[in-house]
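The chain contents come next:
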Amino acid sequence: HTFRLVKLCATNEQVRWLMRSLVSMEHQDWDGTLDSIRELGGKAAQDWLQNKQSSGFVFEGICWQKSFIPRAIWEAGDSNSNLINIETVHRDATREGAQCTLLEG
């Protein structure tokens, strides 16, 4: 999902590469990369960045370094891009959990 939205962003390939580089375990120059996206990307990249920053969870979800999740747990999950399988599991969990209480969920 993240890579698809980056690909659709109306900016140049250098800036899209910077955007994709944010998806990582640890980023060597997070703040500098955000500054470069802002400076080089034009309005489309600035809007993309503002959207991600205002959501309150996107950066924490794409970069372990920005999250509070222990590294061992972060690395324990599958890291594949089989979207059909992922969406099927998500659909099943939603369908099965729809009648659960919050505690059961």
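Residues numbered from 1 in each chain as written. Predicted model: local features only at pLDDT ≥ 70, side-chain atom pairs only at ≥ 80, totals over all residues. Heavy atoms only, no water.

An unreviewed UniProt entry lists the chain under the name MHC class I antigen, with Favolaschia claudopus as the source organism.

Would you mind showing me how to read the overall build of the chain here?
Helix and strand counts for the chain come out as seven helices and zero strands. Going residue by residue from the N terminus, the α and β elements of the chain occur as α-α-α-α-α-α-α. Evaluated residue by residue, the chain yields a buried proportion of 25% over its 105 residues. Of all intrachain contacts in the chain linking residues separated by at least 6 positions in sequence, the fraction that spans at least 24 positions is 46%. Accessible surface computed for the chain: about 7,800 Å², of which carbon and sulfur atoms make up 56%. (Helix = DSSP H or I, 4+ residues; strand = E, 2+ residues; numbered from the N terminus. Buried < 20%, exposed > 50% of the residue type's maximum accessible area, 1.4 Å probe, protein only. Contact = heavy atoms within 4.5 Å. Areas by Shrake-Rupley, 256 points an atom, 1.4 Å probe, with all protein chains shown as cover.)

Where do I start with helix H4 (residues 42-55) in this structure?
The α-helix advances 3.6 residues per turn, and as a result positions three or four apart in sequence lie on the same side. Spanning 14 residues, H4 covers 20 Å between terminal C-alpha atoms, matching the ideal 20 Å at 1.5 Å per step. Contact partners of the buried residues in H4: helix H1 (2-8), helix H2 (13-21), helix H3 (30-40) and helix H5 (58-62). Looking at the residues trailing H4, positive phi occurs at glycine 56, about 85°. (Expected span 1.5 Å × (residues − 1).)

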